[in-house]
Amino acid sequence: MASFLQDAIDKCQTALTAAAVPWANDPGAIRPNTVMIELPDFSTYSRAVADVRVRLRVCGSPPGNKATNKFILDTVEKILASTVIVESGSPGTADYGNQTLPTYDLVARIGTNR
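Residues numbered from 1 in each chain as written. Predicted model: local features only at pLDDT ≥ 70, side-chain atom pairs only at ≥ 80, totals over all residues. Heavy atoms only, no water.

When its secondary structure is counted, the chain shows two helices and six strands. Secondary structure elements of the chain, listed N to C terminal, follow the sequence α-β-β-β-β-α-β-β. Over its C-alpha trace the chain gives a radius of gyration of 14 Å, about what one expects of a compact globule, namely 13 Å for 114 residues. Structurally, the chain occupies a C-alpha span of about 45 × 30 × 20 Å along its principal axes. Within the chain, the proportion of its 114 residues that are buried is 39%. Partitioning the contacts of the chain with sequence separation of at least 6, the portion at a separation of at least 24 is 57%. Summing over all exposed atoms, the chain offers an accessible surface of approximately 6500 Å²; the carbon and sulfur share of this is 53%. A gap of 2 Å separates the mean positions of the 11 positive and 11 negative side-chain charges of the chain. (Helix = DSSP H or I, 4+ residues; strand = E, 2+ residues; numbered from the N terminus. Rg over C-alpha atoms; globule rule 2.2 N^0.38 Å. Buried < 20%, exposed > 50% of the residue type's maximum accessible area, 1.4 Å probe, protein only. Contact = heavy atoms within 4.5 Å. Areas by Shrake-Rupley, 256 points an atom, 1.4 Å probe, with all protein chains shown as cover. Lys, Arg positive; Asp, Glu negative; His and termini not counted. Charge placed at Lys NZ, Arg CZ, Asp CG, Glu CD.)

Here it is in structure tokens:
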């Protein structure tokens, strides 16, 4: 039986692929101009239903100039136009591979059965 948490990640991967958005889910494989799919957090309402939230980090190129901001915002727009349900988003930074990357952090909500 597949994990309901892995199922949520798979749904994000499928939606991002369909929207032609480059993604990674391995911190060792992340590179600028990619969306990092983070591990999900969740709450349950019963033994059968879970509300899963997956952070999608739209990672730009350092140091975060105008071209980077355009890439990030264009990618956010692609994600918002996809089948991913985005609950919230905010700018930030993330450290991957000794690099600090400018990011836009989205929280996607995925309902799933356990």
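In this section: the side chain of T75. Positionally, T75 belongs in helix α2 (residues 66-80). Apart from the residues within four sequence positions on either side, T75 is in contact with V21, V35 and V58.

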